[in-house]
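Results of the structural survey
Each chain, written out:
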Amino acid sequence: MTAPSELPNKGPRPPGELQELERVWKIPTGFRLISAVNNQVIGILYIGIAFLFFLLAGVLGLVMRTQLALPENDLVSQDLYNQIFTVHGTTMMFLFAVPVVEALGVMLLPQMLAARDLPFPRLSAFAIWAYIVGGLVFFSTIFYDLAPKGGWFMYPPLTLKEYSPADNADFWLLGIGFIEISAIAGAIEIIVGTLRTRPPGMSLAKMPVFAWAMLIFAAMIMIAFPAVILATMLLEIERSFGWPFFSAEKGGDPLLWQHLFWFFGHPEVYIIFLPAAGLVSMIVPTMARHPLVGYRLIVVALIGTGFFSFGLWVHHMFTTGIPSLSLGFFSAASMAVAIPSGIQVFSWIATIASSKERFRITTPSLFVLGFLFIFTVGGVTGVMVALVPVDFQVHDTYFVVAHFHYVLIGGMVFPLFATFYYWIPAFSRNMLSERLGRWVFWLMFIGFNVTFFPMHIMGLLGMPRRVWTYPEDLGWGMLNMVSSVGSYILAVGVLLFVIDLLLRFRPTVENSVDDPWGAGTLEWLPTGAYSTRSIPFVQSRDPLWDQPNLAREVEQGLHFLPGAPTGGRETIVTSAVDARPQYIIRMPGPGWAHLVAAVFMAAAFLLLTVKMVTVAIICAVVSISACLVWGWKLDHGPGGGKVDIGAGIRLPTYMAGPRSHAWWAMMVLILVASSLYISYVFSYLYLWIVSPEVWAPHGSPALPGAGWPVGTALLLVAGTAAMVLTRWLLPEPGRREPAVPLLLALAAICLVGASLAEVWAHWSTGLRPAQNSYGAMVYMGSVINLQVVLAVAVLAGFAIARYLTGKLDQERRVNFENCALLYYYAAGQMLFGLLLLHGFPRLAG
């Protein structure tokens, strides 16, 4: 899109325009504040809760270090210590690291992209409230002796019912599985928001590096998190119903858990690191007063890191007895991932060196420099443990504990504190104290290195990880004491930060501190509850540096969409690649339905943990009902036609088809579902390789007759044809076609019938899910199919209700399109499943 020859809007704006904008974006006050969906409000809440979990997990870490400070210490019992280190690791990884990064995306991305908000504000709010309720309940288990004890990785067979009979493990499996679903909801928001709500002119080549990092972060969540969700489903089902996925005596394999878990777990390190690197790439140019050197190389490095990270999961399994060829491949991949990380480090150094001005040493700068040192040390030890002979020696020792803390704290926590000091002025009436900030940095930097560097030596001396005490004569006492003293120094630094935060942070959506750094990116534009007064045309990567009058022009409403032409909340949707304006999205305001849905969904999962199934089902029904109420008001329809956004551009206020943001969100959701199913296919084939003797047609009842898969396939084809015909028959607005609801109902019945027929086909042969791993995997395929089928059935019923009330037709068809897209995917997945479950055993046999 070429730049306009003059400002989109000239002269003074009409009286009352700004007041109307303020009215529609007004943030609720008092108790109703919890119903707010503005990204500034829920972003601050999200970050605050994630930081609370950081503090709570840090306190558990101090308890662990106090216990290990002296040999043969008995401050806590072995059982409690196991709960503490499990909850510490789980909280840091699942409740702090990923959520706080996602929270930064929710809060910063709309500002960086000059959007009024992300496209699904209630989805963000739903994810946040579900995370808050689920996370707080999970953490509280440490006080009731109900916390899990199997480590944050929860390896079977230790976590199977035989060895962990209490409900402790179930709190981890259901609680963390639910929180991961919440993270996926946030990832959908981030992907669609980054690709579709950029300001006009901001092509992908002009996008801030942090936006690139968040886009890759969210894409990695789509691919990685379904694997751990499947793993938690398999383990919870085995614990509850005895389906033997991990029990070797019935053809299962505990190593399947490790494959699924680390396919998620190792990419998670980079899921955490990449946004932190993106934040550093925003801070360094500002402090150097020089554009980022090697922007395109950094983007390629971010993509490359994300790509390589999915080839590294066996890095954690070198000592499990896998073949030598696999060891060599994964060792090489583990070392290769250092290359894109190195590109970023050298780019930051080059940016600092290229500046004509002296690099400003501020508190954010200090945390960035501390990050460079600590992360580099972690990278060096990462290359060491990528070498198979070295890994054989240090595996499960404190050397590994030191390594991953250098990577995670250096690669994520230090950039996070730099972010706090750098961006808080954009959301607060006050800056944080520069003087206290320097104390915070040095206490944290010294404390961290005193804590974790000695652990390298402990590991080389043979101290195993996950031990609650140790004999005095092994010579580990002095190093442990030094490490424990360092942890308290680190804690004092964090405490000073919390004090500074309480004294000076006063959140606001307006009247925040003017840009104290002289940055070049859009988040420093003047803002209000509506984010930005008008949406600028972007001509470069550093628009505030290259367009000196831009802030004043935006504040005066001289750029695009200076008001609220539809009388509601809106922002501009642009094309994914070159950011051409396409339409105006009308977004919902404050509400209660998403909050009710989140709380009752969390309750449903948590009640299943304590086996209160009936109450859990009731909570799930309430949650789904709240989602339907929430979704009912989202489709506004074409409304009053096109609206003027400036520069003579008139845009529609409604869009269906592949241009619609809802279509994009559904496609992302389908990619998540396909990733879950691919993880299932991997598990099916893996267990076949491990235990072919129990697989049909050898060790199990005969396969169902060929008539069953053929009949099921015909049902799927018939249902798909009914869905296609429904699209053709959708009437023009104001007209009715009686066949439409009937065809939708027929399509849903065919899909449900096909899924039930597949279950009965195997049941009729005498195959039972608890019989062996083959039976378990066959019925697990039906469980996964039924999840999607039930979602399609709900959407079909919703579309029928919309049609019967006159809210679904040829123009107003987004609800139908979402249902149809998921239907086609479900039918395709089930057809592939028929080939896998009926065709593969015959070919393999």
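Keep in mind that what you see is a predicted model, and the values were worked out from it rather than measured.

1. Some words on the packing of aromatic side chains
Scanning the model with the defined rule gives 67 aromatic pairs in all. Over the aromatic face of Tyr295 sits the side chain of Arg541, whose NZ or CZ is 3.8 Å from the ring centroid.

2. Comments concerning unusual backbone geometry
Put simply, Pro156 and Pro157 share a cis peptide bond, and its omega is 5°. As for its position among the elements, Pro157 is in the loop between helix H4 (121–140) and helix H5 (168–196). Its identity is not glycine, yet Asp396 carries a phi of approximately 60°, on the positive side. In this fold, Asp396 is placed in the loop between helix H12 (388–394) and helix H13 (398–423).

3. What about the nonpolar core?
Counting 258 residues, the largest nonpolar core has Phe261, Trp348 and Tyr680 as the members making the most contacts within it. Tallying contributions element by element places helix H6 (residues 209–241) first for this core, with 23 residues. Apart from the residues within four sequence positions on either side, Trp348 is in contact with Ala277, Val280, Ser281, Val284, Leu292, Ile298, Phe371 and Leu372. Leu21, Val509, Val573 and Met587 belong to the second largest nonpolar core, which has 15 residues in total.

4. What to know about the pattern of salt bridges
According to the stated counting rule, one finds 14 salt bridges in the structure shown. Its salt-bridge partner being Lys149, residue Asp79 comes within 2.8 Å of it at the nearest N-O pair. Remark: Lys149 occurs in the loop between H4 and H5 and Asp79 occurs in helix H3 (residues 78–112); sequence separation between them is 70 residues. In this structure Asp79 comes out as partly exposed when scored by relative accessible area, which is 32%. Here Asp396 and Arg466 are joined by a salt bridge, their closest N and O atoms 3.2 Å apart. Here the residue Asp396 occupies a position in the loop between H12 and H13, and Arg466 occupies one in the loop between helix H14 (434–460) and helix H15 (477–504), the gap between them amounting to 70 residues.

5. Structural notes on the side chain of Asn39
Structurally, the position occupied by Asn39 is in helix H2 (residues 39–68). Leaving out residues up to four positions away in the same chain, Asn39 has contacts with Ile44, Val106, Met107, Pro110, Gln111, Arg116 and Asp117.

6. A look at the packing of helix H7 (residues 254–288) against helix H8 (residues 295–309)
Packed helices, taken two at a time, are described by their axes: the angle between them and the distance between them. At a minimum axis separation of 9 Å, H7 and H8 run at an interaxial angle of 170°. Between H7 and H8, the crossing angle belongs to the class labelled roughly antiparallel. Judged by residue contacts, His266, Pro267, Tyr270, Leu274 and Ser281 of H7 engage Ile298, Leu302, Thr305, Gly306 and Ser309 from H8. In terms of residue class, the contact of H7 with H8 is built from five nonpolar, five polar and no charged.

7. Observations regarding the environment of Leu525
Here Leu525 is to be found in the loop between H15 and helix H16 (543–546). For Leu525, a relative accessible area of 4% translates into the label buried. When sequence neighbours within four positions are dropped, the list of residues in contact with Leu525 reads Thr532, Pro536, Leu544, Leu550, Ala551 and Val554.

8. A word on the packing of H7 against helix H20 (residues 661–690)
Interhelical geometry of H7 versus H20 gives an angle of 150° and a closest axis separation of 11 Å. Between H7 and H20, the interaxial angle falls into the category roughly antiparallel. The way H7 lies across H20 gives a crossing that is right-handed. Facing Leu255, Leu256, His259 and Leu260 of H7, the residues of H20 in contact are Ser679, Phe682, Ser683, Tyr686 and Leu687. Of the residues assigned to the contact of H7 with H20, the class counts are six nonpolar, three polar and no charged.

9. A look at the domain arrangement of the protein chain
Structurally, the protein chain comprises domain 1 (37–504) and domain 2 (657–844). The interface of domain 1 with domain 2 comprises 30 residues on the first partner and 34 residues on the second. For the pair domain 1 and domain 2, the two sides together bury roughly 2500 Å², of which 77% comes from carbon and sulfur. The interface formed by domain 1 and domain 2 includes zero salt bridges. Summed over the shared surface of domain 1 and domain 2, the result is seven residue pairs in polar contact (both at pLDDT 80 or more).

10. Points about the state of the cysteines
On inspection of all chains with the given rule, the structure shows zero disulfides. Not engaged in a disulfide, the cysteine Cys627 finds its nearest cysteine sulfur in Cys619; these two sulfurs lie 13 Å apart. Using a relative accessible area of 28% as the deciding quantity, one classes Cys627 as partly exposed. Summary of cysteine pairing: Cys750 is not part of a disulfide, and the nearest cysteine sulfur, belonging to Cys819, is at 13 Å.

11. Quick notes on the side chain of Ser124
Along the chain, Ser124 turns up in helix H4. You can call Ser124 buried: its relative accessible area is 5%. Among the polar contacts made by the side chain of Ser124, one reaches the side chain of Glu189 at a distance of 2.6 Å. With residues up to four places along the chain from it excluded, the contact list for Ser124 reads Ile42, Val106, Leu118 and Glu189.

12. Some remarks on a nonpolar patch on the surface
Together, Phe31, Trp592, Val596, Val599, Phe600, Ile618 and Val622 line one region of the surface with nonpolar side chains, adding up to about 600 Å² of accessible area. For the nonpolar patch, the elements supplying multiple residues, two or more each, are helix H18 (593–609) and helix H19 (613–632). Among the elements that make up the nonpolar patch, the one with the highest residue count is H18 (three residues). Examined against the element boundaries, Val622 turns out to sit in helix H19. Residue Val622 is classed as partly exposed on the basis of its relative accessible area of 30%.

Calculation notes
- Residues numbered from 1 in each chain as written.
- Predicted model: local features only at pLDDT ≥ 70, side-chain atom pairs only at ≥ 80, totals over all residues.
- Heavy atoms only, no water.
- Phe/Tyr/Trp six-rings, centres within 6.5 Å; stacked < 30°, edge-to-face > 60°.
- Lys NZ or Arg CZ within 6 Å of the ring centre and 35° of its normal.
- Helix = DSSP H or I, 4+ residues; strand = E, 2+ residues; numbered from the N terminus.
- Core = buried A, V, L, I, M, F, W, Y, C linked by side-chain atoms within 4.5 Å.
- Buried < 20%, exposed > 50% of the residue type's maximum accessible area, 1.4 Å probe, protein only.
- Contact = heavy atoms within 4.5 Å.
- Salt bridge = Lys/Arg side-chain N within 4 Å of Asp/Glu carboxyl O.
- Axes fitted to C-alpha atoms, helices over the stretch in contact; angles between N-to-C directions.
- Parallel < 35°, antiparallel > 145°, perpendicular 65-115°, else oblique.
- Nonpolar A, V, L, I, M, F, W, Y, C, P; charged D, E, K, R; others polar.
- Left-handed = near helix turned anticlockwise from the far one by under 90°.
- Domains from an automatic or database assignment.
- Buried area = accessible area lost by both parts, 1.4 Å probe.
- Polar contact = N/O pair within 3.5 Å; in protein donor to acceptor, adjacent residues only side chain to side chain.
- Disulfide = S-S within 2.5 Å.
- Patch = residues over 30% accessible without salt bridge, like charges linked within 9 Å, V, L, I, M, F, W, Y side chains within 5 Å.
- Areas by Shrake-Rupley, 256 points an atom, 1.4 Å probe, with all protein chains shown as cover.

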